[in-house]
Protein chains: 2
Amino acid sequence: MPQSPSTNRRIVLAARPQGAPTLQDFRLEEAPVPTPSEGQVLLRTVYLSLDPYMRGRMSDRPSYAPPLALGEVMVGGTVSRVVASKHPNFREGDLVSGTAGWQDYTLSDGQELMALGDTAHPSYALSVLGMPGFTAYHGLLNIGEPKPGETVVVASASGAVGAVVGQVAKLKGARVAGIAGGADKCRYVVEKLGFDICLDRYDPQFAQQLANACPGGIDVYYENVGGAVFDAVLPLLNIGARVPVCGIIAHYNDKALPPGPDRLPMLMNILLYKRIRAQGFIILDHYADGFAPFYRDMSAWVAEGKVKLREDIADGLENAPAALIGLLEGKNFGKVVVRVAE
Amino acid sequence: MPQSPSTNRRIVLAARPQGAPTLQDFRLEEAPVPTPSEGQVLLRTVYLSLDPYMRGRMSDRPSYAPPLALGEVMVGGTVSRVVASKHPNFREGDLVSGTAGWQDYTLSDGQELMALGDTAHPSYALSVLGMPGFTAYHGLLNIGEPKPGETVVVASASGAVGAVVGQVAKLKGARVAGIAGGADKCRYVVEKLGFDICLDRYDPQFAQQLANACPGGIDVYYENVGGAVFDAVLPLLNIGARVPVCGIIAHYNDKALPPGPDRLPMLMNILLYKRIRAQGFIILDHYADGFAPFYRDMSAWVAEGKVKLREDIADGLENAPAALIGLLEGKNFGKVVVRVAE
């Protein structure tokens, strides 16, 4: 799609998905590129982060954030270049991270922006050094509290959050079992990320393999998927286990509650007799207190090569809807980033 | 039933209950009164505590303690009098608390015994100053962490645990809504125990009344019942709520999981988007570190009249089975204690 420099392409929510989102739930619109007023910058989106939480924002069921309105620009974390500045803290050409959403251009008053300076890997601000990395770090360390020798299990182990959870758990001395979709991802998780083992959730024997991989049970289960993975994990949780609840992507497309029996009382009973702590968190709550220590630690680990992350890059804003649909189906291999501009 | 001083009556588990226990699941046996060896005391049971956890010990489904074997004496906390001592720390006539179970006499090496000294109210060692009081105190303060002005909800509000939870929460400055079965209990909970309000769980409008009683939502829900009460609480939980999971008595007699739909994913989703901490605990884990500070605080509150507890006394060991069955049906009014001897 040819693009005039005076045109702002943006992708808006066209319809609320019924179950899994389809391409028809998004609409690409064009609008004039806005002009910054005094105190504002004009940002050109370079990278757009795609993350599972976006599915929730497309629905109007209860959630931690108000739903997107129909016709509103899809939200998203971004790395952008300042193309015009009337703000004293930013200059043309600066790279910044922010939340410009699914569009080529946006205005900002600078409040949410973080200057990236000279960085060899600006897209990391959307993954290991940004929201997903902070999500992994906070949930694992402040809720999961892994101790040396304990067993930590995390799914989506090659994804933006799971990959960081597992690598940080290894740095803290835990034994780490990952779960991923397919042999390629599992091989990568063990060989490149250093997990002790990785199980293929598509294997018909997955639940038994997970049990075999955790002979001493599970002390920390970092919940980011739900569904059949949680069902396999539940009987393996140890007394005193911790379950940071970060996401349940397997259910984001559910149209209704799954059929019975009703296992809610069973879950409460397991929490009770195994003295388990299950705690949900939303990373937005923790930026004020927690981002700086996270950023300090993670920057060092990345610089030392102790934490790595594979990126799965989609080219072109117009391909963001398909990439998000693929992410929700587990088709990505690594952190999904859309390259919107060079 | 006339009782020879040389006979030890004891009640054993005769059969594993199918659903709610019946009198046929218990059997009263007679055995000789045992004789203490060097280092032992012979104890005469004076009071036997009946508590909901006993239902779990009668089953062989997974729990935190191994199930009772068929034919084994029912377990239970007791206040006993030392009737013969070959132990240097105990003298004939001493009152002690321990776990003699459902029988007239038992031997002890003294390790689990706590001397009660001269106390006006020895049965309190089985309730407000014993395991149920400690359960209330630990779960509320260390997991629930109520803050002044927050709303705390607890069911079985006239029972051994719930009554203490609510009174301690009031002492910590919280607003407290109790839930109890019937108007008499509700009146007692408000007028005698000082809860702000108490809702009758048998009222057909109960869920709506609870919502009306908690216009600012619920910050701490001390879970000791499950079932319809939990269902009414769940939509009212605030962001950041804490749910100490102490028991789910409504489900102890379940023969199978309730019919669907399966609300387990819904519960996980609510934990997530409301950032709720749900944490099970078993009070036996916390005696070593926690009992002394609990006992110090609670003894003072009881002495000052700040924490009260009504007792529901059943007379005679032979009536313990019916009293436990009644407790599990919510027919008791206050802490259930069996007076086994004067």
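See above for the structure.
A few points on the structure. Quick caveat, the model's predicted, so the values are computed rather than measured.

1. A closer look at unusual backbone geometry
Going from A:Gly260 to A:Pro261, the amide bond is cis rather than trans, its omega being 5°. Of note, A:Pro261 is situated in the loop between strand 12 (237-245) and helix 7 (264-273). Residue B:Ser156 is not a glycine yet carries a positive backbone phi of 45°. Considering the arrangement of structural elements, one finds B:Ser156 in the loop between strand 8 (151-154) and helix 3 (160-171).

2. A few points about the environment of A:Pro148
Residues and elements named next belong to chain A. With respect to the helices and strands, the residue Pro 148 is situated in the loop between helix 2 (131-144) and strand 8 (151-154). Residue class for Pro 148 comes out exposed when judged on the 8 C-beta atoms lying within 10 Å of it. Distance from Pro 148 to Ala 169, taken between C-alpha atoms, is 8.8 Å for residues 21 residues apart in sequence. Excluding its chain neighbours within four sequence positions, the residues that come into contact with Pro 148 are Lys 172, Gly 173 and Ala 174.

3. Some remarks on the interface of chain B and chain A
Contacts between the two partners involve 35 residues from chain B, matched on the other side by 35 residues from chain A. Contributing elements (two or more residues each) for the side of chain B that touches chain A: helix 7 (264-273) and strand 13 (277-280) of chain B. The greatest single-element share of the side of chain B that touches chain A, amounting to nine residues, is contributed by helix 7 of chain B. Each residue belonging to the side of chain B that touches chain A can be placed in one class, and the counts come to 20 nonpolar, eight polar and seven charged. Bridge count for strand 13 (residues 277-280) of chain A against strand 13 of chain B is three bridges, and the pairing is antiparallel. Looking at strand 13 of chain B, one finds that A:Gln279 is bridged to B:Arg277.

4. Describing the nonpolar core
Counting 190 residues, the largest nonpolar core has A:Val164, A:Ala320, A:Val338, B:Val164, B:Ala320 and B:Val338 as the members making the most contacts within it. Per-element tally for this core: the top contributor is helix 3 of chain B, with seven residues. With residues up to four places along the chain from it excluded, the contact list for B:Val338 reads B:Tyr47, B:Leu48, B:Leu50, B:Ala314, B:Leu317, B:Asn319, B:Ala320 and B:Ala323.

5. Describing the packing of helix 2 of chain A against helix 8 (residues 287-303) of chain A
Residues and elements named next belong to chain A. At a closest axis distance of 10 Å, the pairing of helix 2 and helix 8 adopts a crossing angle of 100°. On the basis of their axis angle, the class for helix 2 and helix 8 is roughly perpendicular. In this structure, helix 2 uses Gly 133, Phe 134, Tyr 137 and His 138 to contact helix 8, whose residues at the interface are Gly 290, Phe 291, Phe 294 and Met 298. Looking at the contact of helix 2 with helix 8, its residues break down into five nonpolar, three polar and no charged.

Cut-offs and rules
Residues numbered from 1 in each chain as written. Chains lettered and ligands numbered in written order. Predicted model: local features only at pLDDT ≥ 70, side-chain atom pairs only at ≥ 80, totals over all residues. Helix = DSSP H or I, 4+ residues; strand = E, 2+ residues; numbered from the N terminus. Buried ≥ 20, exposed ≤ 12 C-beta atoms within 10 Å, placed from the backbone. Contact = placed C-beta atoms within 7 Å. Nonpolar A, V, L, I, M, F, W, Y, C, P; charged D, E, K, R; others polar. Pairing = 2+ DSSP bridges. Core = buried A, V, L, I, M, F, W, Y, C linked by C-beta atoms within 7 Å. Axes fitted to C-alpha atoms, helices over the stretch in contact; angles between N-to-C directions. Parallel < 35°, antiparallel > 145°, perpendicular 65-115°, else oblique.

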